[in-house]
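Chain and residue survey
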Amino acid sequence: KMFPCLLSAALLLTPSLSLDWGRARPLRTDPHRLSPVRVRVSPLRLQVADDPPDDGGGGEAEEGLPDAESEGIADFRAQLMRQMGGGGGGGGGSADAPLSDRERLMRSVETAALADAPAPGRMLLANPAKFCSRNPFARPVKDLGRFGLDGPVSPDEMPPDLTAQMLPVLLLLEHGEGGSSAVLLERRTGALMGDIDIDSFGCVAIAPLWLGGTQRQNALSALHSVEGLEGAAPLRDGLWLGGWEAARPRVADSSLAAARFKFFLGATTWAAGQLEAEVAAGAWIVVEGSPELVLKERLDGSGARRAKPVWAEVLSALGEPGRTAYEAVYGSGD
């Protein structure tokens, strides 16, 4: 009646996964709506996007399939891409045609600014001076395993982009006297939303399921930029959490872009006062990032990377205040 989620290597065996479209908290599942599914989640630290293959090939037909079946597969893929793009409509269109949700999202300005303190909707970027140090007394964050790390990040032993991928970036969902919670923005589970439940997530079947953290593993959260959805809670201007039940029919009929949503399994939490102490010790760079920067789609349909890691992109948008941290990984010549 509850479907387990197997987390390999870095994660624990999850007893259940409830559909919580608001704040991350346990919810009762409806056994009549959810089909039992076993989702195998790949190890946190091994989920690194590959570079797109340079095979020089074109859009060949499905090998070995009759023409009718190939056309059916192509139609299905086209339908999924329309749903991911939103706004209905086919190809072409004049220069005066209204932009789809996907085009509007991709053309939006990505901005970032330093923030004075943690708050819901703000981002936390790992400071390489603390996360790359091999001196245990210089690392205010002791439990690096929460972020999928076996130990300090070693920039001398890997390419800059890989180093930047390993440095944690989180979006705060809650912050107060009782503690804090956030979701990791660049940790892949290896699963797609269609693997979870095709009835509930068929219209976003090819969207990746991101790993928010190794805690609260019975919660699935929907982060988005859609204002006015029933059941959604505001994080900050332009960002909301929850409301998928209200959004689903609009995504299914392509009037709302699936690209405006990101789905996260679990969360990362801090006890009361813990995050403040880490920030005061210089472990985190607190950033106010635009919704476009948070929700940007950085992987193509095959899972290959088509943009810089989140950590690098946010620091680039930050400009001069982020230069020292950026150059610690990429050097002064990049």
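Preceding block: the structure.
Time to look at the overall build of the chain. Along the chain, the regular secondary structure elements total 11 helices and 14 strands. In the chain, buried positions account for 48% of the 334 residues.

With that settled, consider the side chain of E278. Topologically, E278 is positioned in helix α8 (residues 274–280). With residues near it in sequence (within four places) discarded, E278 still touches P140, V141, R146, W270, A283 and W284.

So, about the nonpolar core. Of all hydrophobic cores here, the largest spans 50 residues; its most connected members are M123, F131, W284 and W311. At 6 residues, helix α10 (residues 310–318) tops the list of elements feeding residues into this core. Residues A207, L211, F261 and F263 belong to the second largest nonpolar core, which totals 21 residues.

A word on α10. Counting along an α-helix, one turn takes 3.6 residues, and residues three or four places apart therefore face a common direction. Buried residues dominate α10, accounting for 7 of its 9 residues. Along α10, the residues classified as buried are V310, W311, A312, E313, V314, L315 and L318. Among the residues trailing α10, G319 stands out with phi positive, at a value near 80°.

Burial analysis of strand β7 (residues 179–184) places 6 of its 6 residues in the buried class, which makes it a mostly covered element. Going residue by residue along β7, you find G179, S181 and V183 tucked away on one face and S180, A182 and L184 tucked away on the opposite face as well. In this sheet, β7 lies alongside strand β6 (residues 169–176) in antiparallel orientation, the contact comprising 6 bridges. Bridge pairing in β7 links L172 to A182. Taken together, β6 and the strand that follows it, β7, pair antiparallel across an intervening segment of 2 residues. Across 3 bridges, β7 lies against strand β13 (residues 261–270) in antiparallel orientation. Residue pairing for β13: A182 is matched across the bridge by T268.

With that out of the way, let us pick up the environment of A247. With respect to the element layout, A247 can be found in helix α7 (residues 244–252). The exposure class of A247 is buried, given its relative accessible area of 0%. Taking the C-alpha atoms as reference points, A247 and L229, 18 residues apart in sequence, are found 6.8 Å from one another. If we skip the residues at most four places from it in the chain, A247 touches L229, L256 and F261.

This next bit is on the packing of α10 against helix α11 (residues 323–330). Here α10 crosses α11 at 140°, and the two axes come no closer than 9 Å. By the angle between their axes, α10 is oblique relative to α11. In this structure, α10 meets α11 at a crossing whose hand is left-handed. Touching W311, A312, L315 and S316 of α10 are A325, Y326, V329 and Y330, all from α11.

Conventions we followed
- Residues numbered from 1 in each chain as written.
- Predicted model: local features only at pLDDT ≥ 70, side-chain atom pairs only at ≥ 80, totals over all residues.
- Heavy atoms only, no water.
- Helix = DSSP H or I, 4+ residues; strand = E, 2+ residues; numbered from the N terminus.
- Buried < 20%, exposed > 50% of the residue type's maximum accessible area, 1.4 Å probe, protein only.
- Contact = heavy atoms within 4.5 Å.
- Core = buried A, V, L, I, M, F, W, Y, C linked by side-chain atoms within 4.5 Å.
- Pairing = 2+ DSSP bridges.
- Axes fitted to C-alpha atoms, helices over the stretch in contact; angles between N-to-C directions.
- Parallel < 35°, antiparallel > 145°, perpendicular 65-115°, else oblique.
- Left-handed = near helix turned anticlockwise from the far one by under 90°.

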